[in-house]
Amino acid sequence: METFFQLLLSGIAQGCVYGLVAIGFVLIYKATEMVNFAQGDIMMLGAFITITLINHLHWNYFLAVVIAIGVMGLFGLALERLLLRRMIGESPFAVLMVTIGIGFVMRSVAGMIWGHNPRSIVTPYTDQSFQFGAVVLPIADVVVIVATVVLCSLTFLFFRYTRFGIAMQATSQNQLAANYVGISVKRVVAASWALAAAIATIAGILLLPLKSAYPEVGLILGIKAFAAAIVGGFGSLPGAMIGGLVIGLAEVFTKFWVDAEVGFSVSETSVYILLLIMLIVRPSGLFASLQKKKV
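Every value quoted in this text rests on a predicted model; they were computed, and no experiment measured them.

### Considerations on the overall build of the chain
Consideration 1: Looking only at helices and strands, one finds twelve helices and two strands in the chain.
Consideration 2: Scanning the chain from its N terminus toward the C terminus, one meets helices and strands in the order α-α-α-α-β-β-α-α-α-α-α-α-α-α.
Consideration 3: Here the C-alpha radius of gyration of the chain, 19 Å, is about what a compact globule of 295 residues would show, namely 19 Å.
Consideration 4: Summarising its shape, the C-alpha atoms of the chain cover approximately 60 × 50 × 35 Å along the three principal directions.
Consideration 5: Here the chain, with 295 residues, has 48% of them falling under the buried criterion.
Consideration 6: Residue pairs in contact within the chain that sit at least 24 positions apart in sequence constitute 74% of those at least 6 positions apart.
Consideration 7: Surface summary for the chain: the accessible area is close to 14500 Å², and the carbon and sulfur share equals 69%.

And the structure:
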């Protein structure tokens, strides 16, 4: 039973990271109907900036986190302004290829600057844990879960009660109608890219105590987060988070129970098996909302 609770906590923490990256996919899609396949690489870049600020410049952990999130938010803003805005009106395939190309460039640049060896950071809670009876709960997992709950709550409040959040929802429903009522669609789209980049950076920072960062980690996690967005329903923010949790739990429990029995890694493919099953059984995802748009 102790092992089960520890695996459950680890799976939820891992799923939270997938879910946060998946939220970035959904935010950009809802605002622009673009699929940003560089979302995972943005997470990777944010993690490396945090590593540089802490390990090389010896900044305070919390200050480094705030600065990294701000820098990557500006990076997302610049990415939309300089590259993606020029793709408006192009075919979805062309936009998709551009984001894939951006991802390749980011991985190459990261490899040239930081190398390809795994890197990590020491946090104020590294190697610390709670113990309840025989159950040991790593604080790193608890921090990931608590931070995700707080971030999701703030995101909900932002979209529900702020004028700009409501404007972003209106734009995601119908850009033309939003423009007619005075909403600056370009500003909303740019803010969506900035917000998605900031959330991806938070995911990367939360990931560092759990796993090391290297240039290809963004591609690997990005694919899993994309699968999470599809499982949850590509137009649903809550669905993206729940999809991430489902994939994280499936991966952890499969690794513990199945890999040892069969003698090879099934857990790495469990994500794609789950995605295939979902596409067959319910292609629209658990929380389908793509087909419903207000006019």
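Continuing now.
### Comments concerning the nonpolar core
Soluble globular proteins tend to pack their nonpolar side chains together in the buried interior.
Consideration 1: Judged by nonpolar contacts, the single largest core of 84 residues is most densely connected at Leu-20, Ile-23, Met-43 and Leu-84.
Consideration 2: Dropping the residues within four chain positions of it, Leu-20 is found in contact with Thr-148, Leu-151, Ile-199, Ala-203, Leu-206 and Met-241.

### Things to note about the pairing of strand β2 (residues 135-138)
Consideration 1: Across the two faces of β2 the burial differs, with Val-135 and Leu-137 buried and Val-136 and Pro-138 not buried at all.
Consideration 2: Where strand β1 (residues 129-132) folds back onto β2 in an antiparallel hairpin, the turn is made up of two residues, including Gly-133, whose phi is positive at roughly 65°.

### Describing the packing of aromatic side chains
Consideration 1: Across all of its chains, the model carries 13 aromatic pairs by this definition.
Consideration 2: Summarising the aromatic geometry, the rings of Phe-4 and Phe-5 are spaced 5.8 Å apart at their centres and angled 70° between planes, so their arrangement reads as edge-to-face.
Consideration 3: We classify Phe-4 as partly exposed; its relative accessible area is 35%.
Consideration 4: For Phe-5, a relative accessible area of 39% gives the class partly exposed.
Consideration 5: Taken together, the aromatic side chains of Phe-4, Phe-5, Phe-253, Phe-256 and Trp-257 make up a single cluster linked through ring pairs.
Consideration 6: Stacked on the ring of Phe-104, the Lys or Arg Arg-107 has its end atom at 4.6 Å from the ring centre.

### Points about the layout of surface pockets
By rolling a water-sized probe across the atoms, one finds the places where empty space is left.
Consideration 1: What the second largest pocket holds in volume is close to 400 Å³.
Consideration 2: In terms of lining, the second largest pocket is formed by 25 residues, of which the most central are Ala-31, Thr-32, Glu-33, Met-34 and Gln-175.
Consideration 3: Looking at the lining of the second largest pocket, the elements that each hand over two or more residues are α1 (2-32), α4 (92-114), α6 (163-173) and α8 (185-207).
Consideration 4: At four residues, α8 tops the list of elements feeding residues into the lining of the second largest pocket.
Consideration 5: Its residues assigned to classes, the lining of the second largest pocket comprises ten nonpolar, eight polar and seven charged.

### A look at the pairing of β1
Consideration 1: Where β1 and β2 come together, four bridges link them in antiparallel fashion. Counterpart to Phe-130 in the pairing with β2 is Leu-137.

### So, the confidence of the model for the chain
Reading fine detail from the predicted coordinates is not recommended where pLDDT is low.
Consideration 1: Residue-level pLDDT values for the chain average 87, and 97% of them are 70 or greater.
Consideration 2: Note that pLDDT drops below 50 for residues 290-295; the model gives that stretch ten contacts with residues more than four away or on any other chain.

### Remarks on the packing of helix α9 (residues 217-232) against helix α12 (residues 267-281)
Consideration 1: Two elements in contact, α9 and α12, have axes separated by 10 Å at closest approach and are oriented at 25°. Between α9 and α12, the crossing angle belongs to the class labelled roughly parallel. In terms of crossing hand, the pair formed by α9 and α12 is left-handed. From α9, Ile-223, Lys-224, Ala-227, Ile-230 and Val-231 reach across to α12, where they touch Glu-268, Val-271, Tyr-272, Leu-275, Met-278 and Leu-279.
Consideration 2: Within the contact of α9 with α12, the residues separate by chemical class into nine nonpolar, no polar and two charged.

### Brief notes about α4
Consideration 1: Look at α4: 33 Å from first C-alpha to last across 23 residues, which is about the 33 Å you get at 1.5 Å a residue.
Consideration 2: Inspection of α4 places Val-95, Thr-99, Ile-102, Gly-103, Met-106, Arg-107, Ala-110, Gly-111 and Trp-114 among the buried residues, and these make up the whole buried set.
Consideration 3: Tucked inside the fold, the buried residues of α4 contact α2 (39-56), α3 (61-82) and α9.
Consideration 4: In the segment just after α4, Gly-115 is the residue with positive phi, at about 80°.

### Comments concerning the environment of Leu-82
Consideration 1: Mapped onto the fold, Leu-82 is located in helix α3.
Consideration 2: For the pair Leu-82 and Leu-9, spaced 73 residues apart in sequence, the C-alpha to C-alpha distance is 41 Å.

About the thresholds
- Residues numbered from 1 in each chain as written.
- Predicted model: local features only at pLDDT ≥ 70, side-chain atom pairs only at ≥ 80, totals over all residues.
- Heavy atoms only, no water.
- Helix = DSSP H or I, 4+ residues; strand = E, 2+ residues; numbered from the N terminus.
- Rg over C-alpha atoms; globule rule 2.2 N^0.38 Å.
- Buried < 20%, exposed > 50% of the residue type's maximum accessible area, 1.4 Å probe, protein only.
- Contact = heavy atoms within 4.5 Å.
- Areas by Shrake-Rupley, 256 points an atom, 1.4 Å probe, with all protein chains shown as cover.
- Core = buried A, V, L, I, M, F, W, Y, C linked by side-chain atoms within 4.5 Å.
- Pairing = 2+ DSSP bridges.
- Phe/Tyr/Trp six-rings, centres within 6.5 Å; stacked < 30°, edge-to-face > 60°.
- Lys NZ or Arg CZ within 6 Å of the ring centre and 35° of its normal.
- 1 Å grid on protein atoms, 1.4 Å probe; cavity = no way out; pocket = protein on both sides within 12 Å on 5 of 7 lines; lining within 4 Å.
- Points joined across faces, edges and corners; volume = space filled by probe spheres on them.
- Nonpolar A, V, L, I, M, F, W, Y, C, P; charged D, E, K, R; others polar.
- pLDDT = per-residue confidence, 0-100.
- Axes fitted to C-alpha atoms, helices over the stretch in contact; angles between N-to-C directions.
- Parallel < 35°, antiparallel > 145°, perpendicular 65-115°, else oblique.
- Left-handed = near helix turned anticlockwise from the far one by under 90°.
- Expected span 1.5 Å × (residues − 1).

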